[in-house]
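# Understanding the architecture of this molecule
One-letter residues, chain by chain:
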Amino acid sequence: MLTKRLIACFDIKNGMVTKAQNFQDNIDVAPAEILAQTVYEKQIDELIFYDILASAEKRKTDIETVKKVAERVFIPFTVGGGIKNLGDMYEVLKSGAEKISIDSMAVRNPQIINDGAKAFGSQCIVLSTQVKYVGVSEKIPSGYEVAIDGARVFTGMDALEWVKRGEDLGAGEICVNSIDRDGTCAGYDLDITGRVAELVSVPVIASGGAGLPEHLTDIFTKTKAQAAIISSMLYSPRLARNYEVRELKEYLSEHGVNVRPAK
């Protein structure tokens, strides 16, 4: 049985981890490298770092912050935001990341998925997709539309059609970011995450909505997702309490989910 992964997600703005709800109303939490070291020491499985303003501001990823984080963690580390070409990918990997997350740029230039997979291997390329339920239509048969630029721009693309194309182009993982559930702590969108996981053969990461341990059990037992992003649960100032990685892993193990135990 494959081990399910818990991934801490950092939305980065000016070197700070920031927490939003429905991709809006951000609150700064802590310097990225400090929080990264904390979650690493608490036995998180992986870390994802999104430079959330890079695409909208049409600039490169915050490389200095990538380096600071990479110096403090020794687990798989994915970076996204502001990556436009192979040169940007190489710079991020050279700075200490192990994987590249592409989102808005992949929509604008799908060939970047294939180029990255050929240059660095599919295992390095994560296709991150922002999705929102807009209702079933002829143009959006799944009911879920793809958005870009921090959920500010809607593309008219169907989510299921896009993730399948991304897999065909060489993406080694798919991250499903639910705009509707982002920061709500109401649970993951089991519908779209489950449908994506059934459609593609590469690992799927669930993102958006985790607030309670049972939300993790739901995503791992009711869908084929291989990993789940937790951020609010770990450090959100909006929650009455935050959870330790150890207690989440113990809860999952007690409920039949195979996870790497926290030491």
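Anything mentioned here points back to the structure above.
Here's a quick rundown of the structure. (Residues numbered from 1 in each chain as written. Predicted model: local features only at pLDDT ≥ 70, side-chain atom pairs only at ≥ 80, totals over all residues. Heavy atoms only, no water.)

### What about the nonpolar core?
Ranked by size, the top nonpolar core spans 73 residues in total, and within it Phe 10, Ile 113, Ile 174 and Ile 230 carry the most contacts. No other element matches the 5 residues that helix α6 (residues 159-169) contributes to this core. Residues contacting Ile 230, with those up to four places away along its chain left out, are Leu 6, Ile 7, Ala 8, Cys 9, Ile 44, Tyr 188, Ala 210, Leu 216 and Leu 248. Counting 9 residues, the second largest nonpolar core, distinct from the first, contains Ile 7, Cys 9, Ile 48 and Ile 205. (Core = buried A, V, L, I, M, F, W, Y, C linked by side-chain atoms within 4.5 Å. Buried < 20%, exposed > 50% of the residue type's maximum accessible area, 1.4 Å probe, protein only. Helix = DSSP H or I, 4+ residues; strand = E, 2+ residues; numbered from the N terminus. Contact = heavy atoms within 4.5 Å.)

### Quick notes on helix α5 (residues 111-120)
Taken residue by residue, α5 has Ile 112, Ile 113, Asn 114, Gly 116 and Ala 117 as its buried positions. In the stretch just after α5, Gly 121 is the one whose phi turns positive, near 100 degrees.

### A look at unusual backbone geometry
Here Gln 43, not a glycine, exhibits a phi torsion of approximately 75 degrees, which is positive. Looking at the secondary structure, you find Gln 43 in the loop between α1 (32-41) and β4 (46-51). The residue Cys 185 is not glycine, and still its phi comes out positive at about 60 degrees. With respect to the helices and strands, Cys 185 occurs in the loop between β10 (173-178) and α7 (190-199).

### A word on the packing of aromatic side chains
Within this structure, the stated rule accounts for 3 aromatic pairs. Consider the rings of Tyr 40 and Phe 74, whose centres lie 5.8 Å apart with planes at 65 degrees: the pair is edge-to-face. Here Tyr 40, found in helix α1, pairs with Phe 74, found in the loop between α2 (63-70) and β5 (77-80); they are 34 residues apart in sequence, far enough to count as distant. A relative accessible area of 62% means that Phe 74 is categorised as exposed. Summarising the aromatic geometry, the rings of Phe 49 and Phe 77 are spaced 6.1 Å apart at their centres and angled 65 degrees between planes, so their arrangement reads as edge-to-face. Taken together, the positions of Phe 49 in strand β4 and Phe 77 in strand β5 put the pair 28 residues apart, joining distant regions of the chain. Accessibility expressed as a relative area gives 0% for Phe 49, which makes it buried. Over the face of the ring belonging to Tyr 243 we find Arg 241, whose NZ or CZ atom lies 4.0 Å from the ring centre. (Phe/Tyr/Trp six-rings, centres within 6.5 Å; stacked < 30°, edge-to-face > 60°. Lys NZ or Arg CZ within 6 Å of the ring centre and 35° of its normal.)

### Observations concerning the pairing of strand β6 (residues 99-102)
Working note: regular strand, side chains alternate between the two faces of the sheet. Burial of the side chains of β6 extends over both faces: Lys 99 and Ser 101 are buried on one face and Ile 100 and Ile 102 on the other. Examined bridge by bridge, β5 and β6 share 3 bridges and lie parallel to one another. Counterpart to Val 79 in the pairing with β6 is Ile 100. Tracing the backbone out of β5, into helix α3 (residues 86-94) and back to the parallel element β6 gives a crossover that is right-handed. As judged from the 3 bridges shared by β6 and strand β7 (residues 125-133), these two strands associate in the parallel manner. Paired with Ser 101 across the strands is Val 126, a residue of β7. (Pairing = 2+ DSSP bridges. Right-handed = clockwise from strand over helix to strand, strands pointing away.)

### Some thoughts on the pattern of salt bridges
Enumeration over the complete set of coordinates arrives at 19 salt bridges. Between Lys 249 and Asp 45 there is a salt bridge, with the nearest N and O atoms lying 2.8 Å from each other. Pair noted here: Lys 249 is in helix α10 (residues 245-254) and Asp 45 is in the loop between α1 and β4, with a separation of 204 residues, a long-range link. Assessed through its relative accessible area of 2%, Lys 249 is described here as buried. Residue classification places Asp 45 among the buried residues on the basis of a relative accessible area of 7%. Glu 64 is the partner of Lys 67 in a salt bridge, and the nearest nitrogen-oxygen pair spans 3.9 Å. With a gap of 3 residues between them, Lys 67 and Glu 64 both fall in helix α2, about one helical turn apart. A relative accessible area of 36% means that Lys 67 is categorised as partly exposed. (Salt bridge = Lys/Arg side-chain N within 4 Å of Asp/Glu carboxyl O.)

### A few points about the pairing of β4
Buried residues dominate β4, accounting for 6 of its 6 residues. Every second residue of β4 is oriented toward a common face, with Glu 46, Ile 48 and Tyr 50 on one face and Leu 47, Phe 49 and Asp 51 on the other, all of them buried. Pairing of strand β1 (residues 5-13) with β4 involves 6 bridges; the strand directions are parallel. Within β4, the residue paired with Phe 10 across the bridge is Phe 49. Inspection of the sheet shows β4 paired to β5 by 4 bridges, in the parallel sense. Across the sheet, Tyr 50 pairs through a bridge with Gly 80, a residue of β5. With α2 bridging β4 and its parallel neighbour β5, the resulting β-α-β unit is right-handed.

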